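The residues making up each chain are set out below.
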Amino acid sequence: MSQSMEQALQEAKAVAKNMRKNILVMTNRAKGGHPGGCLSATDILAVLYKCYMRVDPKNPRWPGRDYFFLSKGHAVPAHYAVLIETGFLSKDELKDFREIEGRLPAYPSCEITPGIDMSSGSLGQGLSVANGTALAAKLNGTDQRAYVMLGDGELHEGQVWEAMMTAAHFKLNNVCAIVDYNKLQLDGSLDEVKTLGDLRAKWDSFGWHTIEIDGHDYEQIYNAFAEAIAFKDGPTAIIAHTIKGKGVSFMEDEVGWHAAAPSDEQLQIALKELS
Amino acid sequence: MMIAPREAYGKALVELGKENKDVVVLDADVAKASMTILFKEVFPERFFDLGIAESDIIGTGAGFAVAGKIPFVNAYANFLLGNGWDQIRISVCYANKNVKIIGHNIGASSGKDGPTHLPLEDIALTRAFPGMTVIEPVDGIEIKKAVKALAQHVGPAYMRVGRLPIPVVTKEDDEFIIGKANTIRSGSDVTIIACGVMVSKALAAAEALSGEGINAEVINMHTIKPLDKEAILKSVEKTGAVVTAEEHTVIGGLGGAVAEFLACTKPLPMKIVGSQDRFGVCGSYEEIHQVLGLTSEKIIEAAKDVIKAKK
């Protein structure tokens, strides 16, 4: 590991620690939200934003920016948390999550929140949007990249597979899809509800360059994004094996934490674990 | 003179492409039917065929808009609205993206293709979205102006484009402003508000009515949303009775929009001419219109009824 990479990853880890705390504070205060799928995505978002995303918090709509789309919109507290760490939002705004005032609605809104480029909350739509921005970047001759994070349960949506074909057909090597593969959805495990089968083979056969990683291993996350950038023949999918509720002992791998807010007492225990 | 709306649309896109390099055109494997192929021939680098994937094409269009392009997204209206409705709702309208959604083969205009291919519900489906502009140009001349206006308008918009030739009722120098209705015949006894091909039928009805001493005013309501309420009020204050006519179901379309407005603002005798809560049939364009009741005779009948209902 190079020294600069090591330093970057240390910073990302610190960011992730703050993000986890803020995700828990937000969902506790709002008495709602989806902490499980936020915590599974946290490490990936921390590395992506700290090491790769070319964005400007002072000018969120800077035309030369990289794009990130949270297609699994219910995990938006994780996105808010990383936007706080990168200066798009202020920590004072945590209290506004799911409230009528403020800039942190329950699901992403590009009309309300700086740093968010597309509203979501209906699953399945983000990859198509990422493809559109990637095609526009190609048309403009820029090296902008489009990242999109998909939930694993979200892959049940047919539009995702339409969009997978589109990205492969147009050889969109500036598109990188990340699957937050935590293996749990609202009604139970994916294998109980509707199995994804051989997920890697599915992406491979759709013409994507597919990388499988441990979505909580910083070096693997870092290297996967680097490999996606280096791969020139088409789009890259990072299948990130993750743990729902990662980082909080009583939330890990528990389906009940898909959509449940921690109580005040649970919050204190969780914050202690994360300190 | 008759012009197929789609042909006028394809040519208008080419003209627009020359003037505005931010315009991109997306199609879902119907480029030869939608006539976007004309744009493809001139600007292949700005044309994207996404195959038979109407949900994906809406989302991809929204992505182009995020990046500052002006996407015109094309497919048959029934499939585009049917499969793409949730994507239009979230990725386009809720996100307030500058996407131009073009529904083709509207109404009965694909003729013998039959019920599955006859979109009679698309105005209702698009009109319900907050922030959506809904347009149905009256003829091949107006479509050119509508395409230009759409490119200048910032925000989500839906436009209906028909397949088979329809009569031309406007002139090159007639004005077209989104949201501003055009009164194309003055009258004092009844107001006929129509859109698309039904405007020509409304004019024929007005002509027939004038032979019976009835003066009908005819309004080309090319923009169904936002509705030109001022023009409606101005006309009905004079006539006191209104008939609407559209190549669409009577549920939630132009008639619905006018009724919602007048019922709450100035209740008066009103009839809605349109398809009566049913699917289409296979047949020629005119045969289907006969079956669905989209005729001048129905407009005449309705006009006489509402005049009779006036105090």
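Residues numbered from 1 in each chain as written. Chains lettered and ligands numbered in written order. Predicted model: local features only at pLDDT ≥ 70, side-chain atom pairs only at ≥ 80, totals over all residues. Heavy atoms only, no water.

### Quick look at the overall build of chain A
In plain terms, the rule: Segments assigned H or I by DSSP are reported as helices when at least four residues long, segments assigned E as strands when at least two residues long, and all are numbered from the N terminus. The quantity called the radius of gyration is restricted to C-alpha atoms. Its globule counterpart is 2.2 Å times the number of residues to the power 0.38. Contacts: residue pairs with any heavy atoms within 4.5 Å of one another. Methods summary: accessible areas were calculated by the Shrake-Rupley approach with a probe of 1.4 Å, and residue burial reflects only the protein chains presented. In this count, Lys and Arg are taken as positive residues and Asp and Glu as negative ones, while His and the chain termini are left out. Taken as the charge centre is NZ of Lys, CZ of Arg, CG of Asp or CD of Glu, depending on the residue.
In terms of regular secondary structure, chain A is built from 10 helices and seven strands. Computed over its C-alpha atoms, the radius of gyration of chain A comes to 17 Å, within 12% of the 19 Å expected for a compact globule of 275 residues. With respect to the principal axes defined by its C-alpha atoms, chain A has extents near 50 × 45 × 40 Å. Counted over contacts in chain A with a minimum sequence separation of 6, partners at least 24 positions apart contribute 76%. A total accessible area of about 10,600 Å² is found for chain A, and carbon and sulfur atoms account for 48% of it. Looking at chain A, you have 27 positive and 36 negative side-chain charges, and the mean spots of the two groups are 4 Å apart.

### Points about the nonpolar core
Our working definition: The definition of a nonpolar core used throughout is a set of buried Ala, Val, Leu, Ile, Met, Phe, Trp, Tyr and Cys residues joined through side-chain atoms within 4.5 Å. Classification of residues uses two cut-offs on accessible area relative to the type maximum, computed with a 1.4 Å probe and protein chains only: under 20% is buried, over 50% is exposed, and between them is partly exposed. Each domain's extent was defined by an automatic or database domain assignment.
Counting 133 residues, the largest nonpolar core has A:Trp203, A:Trp208 and A:Phe225 as the members making the most contacts within it. Ranked by the residues each element gives to this core, the list is headed by helix H1 (residues 3-30) of chain A, at 10 residues. Here this core spans two domains, and each of domain 1 (2-167) and domain 2 (182-306) of chain B adds at least three residues to it. Discounting residues that sit within four places of it in the chain, A:Trp203 has contacts with A:Leu150, A:Leu155, A:Met164, A:Ala177, A:Val179, A:Trp208, A:Thr210, A:Ala237 and A:Ile239.

### Here's the deal with the state of the cysteines
What we call a disulfide is simply a covalent bond connecting the sulfur atoms of a pair of cysteines. We count it as follows: Put simply, a disulfide is two cysteine sulfurs that come within 2.5 Å.
Summed over all chains, the structure comprises zero disulfides over all chains. No disulfide involves B:Cys93; its nearest neighbouring cysteine sulfur is the one of A:Cys110, lying 12 Å away. Its relative accessible area of 9% is what places B:Cys93 among the buried residues.

### Structural notes on the packing of helix H8 (residues 198-211) of chain B against helix H12 (residues 296-309) of chain B
Residues and elements named next belong to chain B. We apply this condition: Axis geometry follows a simple rule: fit a line to the C-alpha atoms, using only the stretch in contact for helices, then measure angles between N-to-C directions, giving values from 0 to 180 degrees. Should an angle fall under 35 degrees it is taken as roughly parallel, and over 145 as roughly antiparallel, whereas 65 to 115 is taken as roughly perpendicular and any remaining angle as oblique. Each helix crossing is assigned a hand: it is left-handed if the near helix lies turned anticlockwise from the far helix by less than a right angle, otherwise right-handed if that turn is clockwise. For this scheme, ten residues count as nonpolar: Ala, Val, Leu, Ile, Met, Phe, Trp, Tyr, Cys and Pro. Four count as charged, namely Asp, Glu, Lys and Arg, and the remainder, Gly too, count as polar.
Where H8 contacts H12, the axes come no closer than 8 Å and their chain directions differ by 55 degrees. What the angle tells us is that H8 and H12 run oblique. Of the two elements, H8 crosses H12, and the hand of that crossing is right-handed. Every residue of H12 that contacts H8 at Met-198, Lys-201, Ala-202, Ala-204, Ala-205, Ala-208 and Leu-209 is listed here: Ser-296, Ile-299, Ile-300, Ala-303 and Lys-304. Partitioning the contact of H8 with H12 into residue classes produces nine nonpolar, one polar and two charged.

### As for the interface of chain A and chain B
Threshold: Note on terms: buried area is the combined drop in 1.4 Å-probe accessible area of two parts once they are placed together, counting the loss on both. Any carboxyl oxygen of Asp or Glu that lies within 4 Å of a side-chain nitrogen of Lys or Arg is treated as forming a salt bridge with it.
Facing the 28 residues of chain A at the interface are 26 residues of chain B. Both sides together, the interface formed by chain A and chain B hides about 2,100 Å², and carbon and sulfur atoms give 59% of it. Of all residues in chain A, A:Gln125, A:Leu139 and A:Glu162 bury the most surface against chain B, accounting for 24% of the area lost on that side. Across the chain A-chain B interface, the total number found is zero salt bridges.

### Re the sheet that holds strand E11 (residues 216-220) of chain B
Residue and element names in this part refer to chain B. Defined as follows: At least two bridges found by DSSP between two strands is the condition for calling them paired.
The five strands are arranged E9-E11-E10-E13-E14 in an open sheet whose pairing can be described as mixed. Among the strands making up the open sheet, the edge pair consists of strand E9 (182-185) and strand E14 (270-275). Strand-to-strand twist across the sheet, computed as the mean angle between neighbouring axes with direction ignored, equals 25 degrees. Two elements, strand E13 (residues 242-249) and E14, share five bridges in a ladder whose sense is parallel.

### Points about unusual backbone geometry
The amide bond that connects B:Lys225 to the next residue, B:Pro226, takes the cis arrangement and shows omega of -5 degrees. With phi around 55 degrees, A:Lys31 is a residue other than glycine that occupies positive phi space. Relative to the helices and strands, A:Lys31 resides in the loop between H1 and helix H2 (35-39). In this structure, A:Asp253 is a non-glycine residue whose phi angle is positive, near 60 degrees.

### Side note on H1(A)
Which entries qualify depends on this criterion: Under the convention used throughout, the expected extent of a helix is 1.5 Å for every residue step, that is, one less than its residue count.
With 28 residues, H1(A) ought to run about 40 Å at 1.5 Å a step, and its terminal C-alpha atoms sit 40 Å apart, in line with that. Note on H1(A): the residue one or two positions beyond its end, A:Lys31, has a positive phi of about 55 degrees.

### Quick look at the domain arrangement of chain B
All names here are of chain B. Looking at the assigned domains, one finds that chain B contains domain 1 (2-167) and domain 2 (182-306). Relative to domain 2, the C-alpha centre of domain 1 lies at a distance of 25 Å. With 32 residues of domain 1 at the contact, the number on the domain 2 side is 35 residues. Summing both sides of the interface, domain 1 and domain 2 together bury roughly 2,400 Å²; the carbon and sulfur share of this comes to 61%. Of all residues in domain 1, the largest losses of buried area upon contact with domain 2 belong to Leu-120, Arg-127 and Glu-136, amounting jointly to 29% of the total for that side. Taken together, the connections running from domain 1 to domain 2 amount to one salt bridge. For Arg-127, the salt bridge identified is with Glu-260, shortest N-O distance 2.7 Å. For the side of domain 1 that touches domain 2, the secondary-structure elements that each account for two or more residues are helix H6 (122-127), strand E6 (133-135) and strand E8 (166-167). The greatest single-element share of the side of domain 1 that touches domain 2, amounting to four residues, is contributed by H6.

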